[in-house]
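An overview of the molecular structure
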Amino acid sequence: MTTAPSNLIDPASTPYYHCMARCVRRAFLCGKDQFSGKNYEHRRQWVEDRLNVLAAVFALEICAYAVMSNHYHVILHINREQAESWSMKEVLHRWSQLFSGPMLVQRYLAGATMGEADLIKVEEFAEKYRHRLKDISWFMRCLNEHLAREANREDGCKGRFWEGRYKSQALLDEAALLTCMAYVDLNPVRAKMAKTPESSQYTSFKKRTDVYTGSQKKKQPARLKPLKAPGQNPDKAIPYTLSCYFELVDWSGRIISKGKRGRIEDNVPNVLHRLGIDPDEWINTMRWNNRFRRAVGRLSSLKDYAGHIGQHWVHGVSPSVCLFQV
């Protein structure tokens, strides 16, 4: 049964969501199509460029992303506080970077003299756009429609480019966020497109490592939500240190590449213990080709989420079950 978008994205339950979209055609989004022989590798840059544009406009922060051959992953954080802090003019200016908007809005931004009734109407537009600028559905729409138009123009064809509406997955707690970020960043390694996470082109992990090891050592990319730095306000960053995250992704990638599923006590990063994640379950999750569910989190988080959205059960992933019923 199809679930209403309002139930799939519930900012009151969690601000973190994992989204994924896949192409409907056999022709690839990116990479080389073995059937036609065409190379679409340049389209990876389209995805990364568009993500950067949208991250600069929306009150949505990108935590992780990976651009694959026929699909992409992105983890988004809804920054409601940022959206509410914008003035009416800033909201309209941001929205106008993506859409021209009605004539009243264009006149207001151009500095034209306007009557009281017109100003009230402009304020109504601004509040509608403020809501959209913190809405994941609008973010994904602006991303997917743009990519579909560009691909169809290049291919000289019309019609559907994506399988359907993007898939979304609520990340209900810190453990779920960390798990999903590592999973997304390791996608190219798992697909044998790269040997190491830091050599995985068009991923958030490579973007973070490039900046970290470059001329601005230990800085973080401007268009990615930062990982926590010493002394930093925890509300402004992902609640893990950058070095700890690098270590965890590297460890996970090595275990996967060697095909080892067991516990390796001496090499397990401390962050797993701090978050109460079993290393065996972590490795199973890193292999989760068929574990894409509606929500990810501990049992207590899944139970709270189901209750909050007014349902008796939720299709989710926890350390012990895949379908949790309240």
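Refer to the structure printed above.
Structural notes, computed from the coordinates. (Residues numbered from 1 in each chain as written. Predicted model: local features only at pLDDT ≥ 70, side-chain atom pairs only at ≥ 80, totals over all residues. Heavy atoms only, no water.)

1. Quick word on the packing of helix α2 (residues 43–57) against helix α7 (residues 136–155)
One way to put it is that α2 packs onto α7 with a least axis distance of 10 Å and a crossing angle of 150°. Considering the angle they form, α2 stands roughly antiparallel to α7. Once α2 is placed against α7, the crossing between them reads as right-handed. Residues Arg-43, Trp-46, Val-47, Arg-50, Leu-51, Leu-54 and Ala-55 of α2 touch α7, and the partners they reach there are Phe-139, Cys-142, Leu-143, His-146, Leu-147, Glu-150, Ala-151, Glu-154 and Asp-155. Taken together, the residues of the contact of α2 with α7 sort by class into 10 nonpolar, 1 polar and 5 charged. (Axes fitted to C-alpha atoms, helices over the stretch in contact; angles between N-to-C directions. Helix = DSSP H or I, 4+ residues; strand = E, 2+ residues; numbered from the N terminus. Parallel < 35°, antiparallel > 145°, perpendicular 65-115°, else oblique. Left-handed = near helix turned anticlockwise from the far one by under 90°. Contact = heavy atoms within 4.5 Å. Nonpolar A, V, L, I, M, F, W, Y, C, P; charged D, E, K, R; others polar.)

2. A closer look at the environment of Met-103
Of note, Met-103 is situated in helix α5 (residues 103–109). Residues Met-103 and Val-122, 19 residues apart in the sequence, show an inter-C-alpha distance of 9.9 Å.

3. Some thoughts on helix α4 (residues 88–96)
For α4, the complete set of buried residues consists of Val-91, Leu-92, Arg-94 and Trp-95. For α4, the buried positions fall inside an angular range of 160° around the axis, keeping them on one side. Tucked inside the fold, the buried residues of α4 contact α2, α3 (80–85), α5, α6 (116–132) and α7. (Buried < 20%, exposed > 50% of the residue type's maximum accessible area, 1.4 Å probe, protein only. Arc of directions from axis to C-beta.)

4. Observations regarding α7
Taking 1.5 Å of rise per residue, the 20 residues of α7 would be expected to cover 28 Å, and the 28 Å separating its terminal C-alpha atoms lies within 8% of that figure. All buried positions along α7 are accounted for by Ile-136, Trp-138, Phe-139, Met-140, Cys-142, Leu-143, Asn-144, Leu-147, Ala-148, Ala-151 and Asn-152. Buried positions along α7 lie against β1 (16–22), α2, β2 (60–67), β3 (71–78), α4 and α6. The N-terminus of α7 is capped by Asp-135, whose side-chain oxygen sits 2.7 Å from the backbone nitrogen of Ser-137. Immediately beyond the C-terminal end of α7, within one or two residues, lies Gly-156, with a positive phi of roughly 65°. (Expected span 1.5 Å × (residues − 1). Polar contact = N/O pair within 3.5 Å; in protein donor to acceptor, adjacent residues only side chain to side chain.)

5. A short note on the packing of α4 against α6
Pairs of packed helices are described in terms of their axes, by the angle between the two and the distance that separates them. Following both chains from N to C, one finds α4 and α6 inclined at 65°, their axes separated by 9 Å at the closest point. Crossing hand, α4 versus α6: left-handed. Between α4 and α6, the contacting residues are Met-88, Val-91, Leu-92 and Trp-95 on the first element and Val-122, Glu-123, Ala-126, Tyr-129, Arg-130 and Arg-132 on the second. Residue composition of the contact of α4 with α6, grouped by class: 7 nonpolar, no polar and 3 charged.

6. A look at the nonpolar core
Residues Phe-58, Val-74, Ile-136, Phe-139 and Met-140 are the most contacted members of the largest nonpolar core, which totals 50 residues. Secondary-structure elements contributing two or more residues to this core are β1, α2, β2, β3, α4, α6 and α7. At 9 residues, the largest contribution of residues to this core is made by α7. Beyond its immediate stretch of four places on either side in the chain, Val-74 contacts Tyr-17, His-18, Cys-19, Leu-51, Ile-62, Ala-64, Tyr-65 and Met-140. Listed in part, the 28 residues of the second largest apolar core include Leu-171, Phe-205, Tyr-240 and Phe-246. (Core = buried A, V, L, I, M, F, W, Y, C linked by side-chain atoms within 4.5 Å.)

7. So, the environment of Leu-109
Along the chain, Leu-109 falls in helix α5. When the C-alpha atoms of Leu-109 and His-93 are compared, they prove to be 7.3 Å apart, with 16 residues separating the residues in sequence. With sequence-adjacent residues up to four places away left out, Leu-109 is seen in contact with Lys-89, Leu-92, His-93 and Ser-96.

8. Let's talk about the packing of aromatic side chains
Inspection of the entire model under this criterion finds 10 aromatic pairs. Aromatic side chains Phe-125 and Tyr-129 sit 6.1 Å apart centroid to centroid with 20° between the ring planes, which places their arrangement in the stacked category. Linking Phe-125 with Tyr-129, this pair stays in helix α6, spanning 4 residues, or about one helical turn. Take Phe-125: its relative accessible area is 15%, and that puts it in the buried class. The class of Tyr-129 is buried, set by a relative accessible area of 3%. Centre to centre, the rings of Phe-205 and Tyr-245 are 6.3 Å apart; their planes meet at 50°, and the pair counts as tilted. Of this pair, Phe-205 sits in helix α10 (residues 204–213) while Tyr-245 sits in helix α11 (residues 242–258), placing them 40 residues apart in sequence. We note that Phe-205, like Tyr-245, is buried. (Phe/Tyr/Trp six-rings, centres within 6.5 Å; stacked < 30°, edge-to-face > 60°.)

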